[in-house]
Structure formats: structure tokens, C-alpha cells
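Residue-level structural notes
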Amino acid sequence: MTVTLHNTAARAKQALAPIDPSNVRMYVCGPTVYDFAHIGNARPVIVFDVLFRLLRHVYGADHVTYVRNITDVDDKINARAVRDFPDIDLNEAIRRVTEGTAAQYQADVTELGNLPPSVQPRATEHLPEMITLIQRLIAGGHAYEAEKHVLFHVPSMPDYGQLSGRSVDDMIAGARVDVAPFKRDAMDFVLWKPSDDGQPGWDSPWGRGRPGWHIECSAMAWKHLGVTFDIHGGGIDLAFPHHENELAQSRCAHGTPVMANIWMHNGFLQVEGEKMSKSLGNFFTIRDLLDVWPGAVLRLNMLRTHYRQPIDWTVSALTETKAMLDGWFDAVAGVAPSAAPPASVLDALSDDLNTPGAIAAMHELAKKKDYAGLRAAWDFLNLGIYARADSTVTIAPGDAAAAARAAAAIGSPALAHVLLDRIAARNAKDFATSDALRDTILAHQTPRLALKLSDRKDGDVFVMDVRVSVS
């Protein structure tokens, strides 16, 4: 199977030709962990999770390396640490902020159905690599030290700006360049900057300081994926200046013509037709929305728009998405999982992650009553976390299909055997086991998902009614 992807650098779709098919390598820019991630941050996570799943299917699960970083050194983190923990050591305050927000981020994106990346490096764990890269850039004439700063000298790279395709004037405006008398050129950007006593810092050949944002990703990508790799992804807002600068540093430090063979960027997200903004009252974190909608609704709603197109996040679209999942739910819940997704779904995804096309293929499968194919597509896109509101399933002894439907409604397919074991224990009058398994089942409740188990006689045996309510 050939996977084609739109390469921002080439302005066209290209067939993916891995450098090493036994180790397909992808880097995606992750969060800066200073606060709750907003719904716009969820888009690249979901998009590149689907690509990760597709690559694992095509090349083998053990032959894909997906790196998504965590930026845990940043001026916004420093400000949050001082605000929230004014009476403790700054380094400890920063640790508390970054560990707490990183853990929340992990919980949120997991509830959206995303696989963990192969490697999730933290910027602060890669200071030696950053310093090495900066030293190489200085030695090669691509960077210089000035007033305790180290800056990348943009004119030293003749084809700088090739990724974003911007003119120098546009780049200067877009980068919001800092005016500094020690800069050789207005476009030069910081690789290393000094830290005072109220800021985190590390020893370096240029004094105590901290890295610039762009050098962090260059160092982490180099450490975990090598000098050149297959795919680099992120939001379109990162194409310039972050990815342009990251590419420049890496190419000049390593002396290579490319950093990544394919650059992919997802489009912007707006809410109800307007740019998301706290001042407009339309700023939503992932957690805000998960408190209202099941994770699978948010996930599928994101995938209904092609990743390169802007998406308008609306309540009406979420309502439509939930109705779509409701319509498919009964068809897939009682069908055994399948290892291979249908060709129609894979063909769409292989064509530059055409998720709207994959969803259209799922509608066709449902229309044809190909519920095995629909279940396979459902599983491939990982919609199994879906919990349908206010559904009741009756489970009789040995009724595996009913147990599967109930487990899917709860959002834990693996729970099916526990449900069967519990009704079997009830009928065997093994009340201790029955009670223990009841507790195991009810432990799956969340603030949004309520469960109620009821036993009743149906002829000579007990059956169990499983009631699932989602608020």
C-alpha cells in the first residue's frame, strides 16, 4: 500500500518513501506545559495519532517511531510558577507546574482515544544536545555570541524561508522580531539567552542561561530520530517561525539538505465562526469539553474535516457527530473485533489522511449492513471509548453479544468478560464473587458516566440489566 501525504515544503502531495522501512520516523511538536491544553491543541494530537495508526498498519507496529515532545522550559511556565507558588524555590515551583500540567495533558489526550507516542522527550532532559548543536552552528559560521546571547545568523543560510515560502518582509512581520542592538540582522533569532537569579538556568560555554524555543525541538528530534527522518508534523501556526527556524538550525548544524523529507501541517481551528479567545468567551480546554461530551464524539468531530482545512468547532456539528455515533453504536457493539480495516477506509486514509473520505466509507458500510467492516473501521479510528447516553442492555448467562454491547456502552470493551462472569456467579449463588465483580464493574463510573446494575428473574435464571447514563 502506498501512503501519499501533502508536503508543505513541496506544496504538493508526495508518496511516502521511508528512509528505512524497518523504522519509519515521525516527529510532532507537542505541548508547552504551562496550563490546560485547549481544543485547538487536540487537533494535531488526533491527526497524527491517525497517521501513526496507519503507518503501524502498513509497516508494522514495531517499525514506526513516533516522537512527540514536551516543552517544559518556557517563560510562560516561569510566570505560572511564580504566580502559583510564590513562596517556594523557583525550580521546585516550575517542577510542580510542569508535572501537574503534563499529567493533565496526558489524561486528556488519552481520553480522546490517542495512543501514547513511542517516545515523549522533555526539553530539559536534552540540554547537552542543545549545547552541542549551538557549538556546531558557531563553528560553522551560522551563529554568533553577543552580550551573553547566542543567535542564529539567518543570512548565513541562502535558502532560509523555503519551507514557509515567505518574503523577508513577511517573515520579519510574522516573526514579531525583537529589536536588539547586538543583532547582526533583524531576522536573527535566539539559540541561547542569559538567565538572571529569578529564572531557571543551566551552565553553558556562554554563561548561565536557557535555550531558545526552536533549538529544543532540533535537539530532541536529533537525539531520538537521527539527523534526517521521514515526517515532521504540527499545526500550521508552527510553520513559521518555529519550523522554519528548527529546519535552519538542524540543516546547518548537520550539513544536510533536509531535516525531514515530508513536512505536514494541520489547519487552524475556530469556534462558532470566530477565532478562539478568552475575551470572546469561546475559549475551551479539552477538559472543558470532555466534561460535556464523550471523548469519541470530540475525536470523530475533529476527523470530519480534512486535517489541512480550517475547522469550525460548533455545538451543532458536535450534536450531528454524536447522532452519527449513536446510529452506528448498536451495529458495531455486538460484532467481534476484526484485525483488518476495510480497503475503502484504508484507501481514503492513505490518500493524505482523507478522514472525511474514510467516514463516508463507513456510512456506505452501514448502508450495506456490513457491520463487520464498520466495526473494523470503528476500531481502527479508535472510537471504542464511546459511551452512548441512557442505554440499557440486558445480559443473560452466556450472552456474549449482549455483554459486548454493554461493555462498549461503558467505554471498556475488555469489561465484557467481567459482566459475563458476574451474571454467571449470581446464577451459581456465589454471592461473594458476584459482589466483588459488581464492585469491579461500578469502578468504571466517572463524574460524567453513571452505571446501574439490576438483577431480576427471567424464567429459571437471573439476568442483569446494565444501565449506562452519560450526563
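Residues numbered from 1 in each chain as written. Predicted model: local features only at pLDDT ≥ 70, side-chain atom pairs only at ≥ 80, totals over all residues. Heavy atoms only, no water.

1. Quick notes on the overall build of the chain
Looking only at helices and strands, the chain has 16 helices and 16 strands in total. By the compact-globule yardstick of 23 Å for 471 residues, the chain fits well, its C-alpha radius of gyration being 25 Å. Principal-axis analysis of the C-alpha atoms gives the chain an extent of 90 × 55 × 45 Å. With 471 residues in all, the chain has 51% of them scored as buried. Residue pairs in contact within the chain that sit at least 24 positions apart in sequence constitute 73% of those at least 6 positions apart. Carbon and sulfur atoms form 52% of the exposed surface of the chain, whose accessible area is close to 20000 Å². In the chain, the 46 positive side-chain charges and the 56 negative ones have mean positions that sit 4 Å from each other. (Helix = DSSP H or I, 4+ residues; strand = E, 2+ residues; numbered from the N terminus. Rg over C-alpha atoms; globule rule 2.2 N^0.38 Å. Buried < 20%, exposed > 50% of the residue type's maximum accessible area, 1.4 Å probe, protein only. Contact = heavy atoms within 4.5 Å. Areas by Shrake-Rupley, 256 points an atom, 1.4 Å probe, with all protein chains shown as cover. Lys, Arg positive; Asp, Glu negative; His and termini not counted. Charge placed at Lys NZ, Arg CZ, Asp CG, Glu CD.)

2. A few points about the pattern of salt bridges
Within the structure shown, the criterion is met by 24 salt bridges. Asp72 is the partner of Arg122 in a salt bridge, and the nearest nitrogen-oxygen pair spans 3.7 Å. Here the residue Arg122 occupies a position in the loop between helix 3 (90-111) and helix 4 (127-139), and Asp72 occupies one in the loop between strand 4 (64-68) and helix 2 (75-84), the gap between them amounting to 50 residues. With relative accessibility at 7%, the residue Asp72 sits in the buried group. With its nearest N and O atoms 2.5 Å apart, the salt bridge here joins Arg95 to Glu92. Taken together, the residues Arg95 and Glu92, both in helix 3 and three residues apart, mark about one turn of the helix. Residue Glu92 is classed as partly exposed on the basis of its relative accessible area, which comes to 26%. Each of Asp35, Arg80, Arg83 and Asp84 takes part in salt bridges that share partners, so that together they form one network. (Salt bridge = Lys/Arg side-chain N within 4 Å of Asp/Glu carboxyl O.)

3. Overview of the side chain of His142
For His142, the position within the fold is in the loop between helix 4 and strand 5 (143-146). By relative accessible area, which is 16% here, His142 ends up buried. Polar contacts involving the side chain of His142 include one to the side chain of Ser156, which spans 2.9 Å. Here His142 is in contact with Leu137, Leu151, Phe152, His153, Ser156 and Cys252, once residues within four sequence places are set aside. (Polar contact = N/O pair within 3.5 Å; in protein donor to acceptor, adjacent residues only side chain to side chain.)

4. Description of empty space enclosed by the protein
All told, the structure shown has one cavity of 30 Å³ or more when counted by the stated rule. Considered as a void within the structure, the largest cavity measures approximately 40 Å³ in volume. Lining the largest cavity are Val47, Leu303, Thr305, Tyr307, Leu353 and Thr355. For the lining of the largest cavity, the class distribution of residues is four nonpolar, two polar and no charged. (1 Å grid on protein atoms, 1.4 Å probe; cavity = no way out; pocket = protein on both sides within 12 Å on 5 of 7 lines; lining within 4 Å. Points joined across faces, edges and corners; volume = space filled by probe spheres on them. Nonpolar A, V, L, I, M, F, W, Y, C, P; charged D, E, K, R; others polar.)

5. Some points on the sheet that holds strand 9 (residues 229-235)
With parallel pairing, four strands are arranged side by side in an open sheet as 4-3-9-10. The strands lining the two open edges of the sheet, one partner per strand, are strand 4 and strand 10 (260-266). With direction set aside, neighbouring strand axes in the sheet form an average angle of 20°. The sheet contact formed by strand 9 and strand 10 spans six bridges and is parallel. Paired with Gly234 across the bridge in strand 10 is His265. The sheet contacts of helix 6 (residues 213-225) involve strand 3 (24-28), strand 4 and strand 9, and relative to strand 3 the element is tilted by about 160°. (Pairing = 2+ DSSP bridges. Axes fitted to C-alpha atoms, helices over the stretch in contact; angles between N-to-C directions.)

6. Focus: the side chain of Arg422
Here Arg422 is to be found in helix 15 (residues 416-427). According to the relative accessible area criterion, Arg422 is buried, its value standing at 2%. Sequence-distant contacts of Arg422, that is, excluding residues within four places in its chain, are made with Ser434, Leu437, Arg438, Ile441, Asp455 and Met464.

Geometric descriptors of this kind do not, in isolation, establish any biological role.
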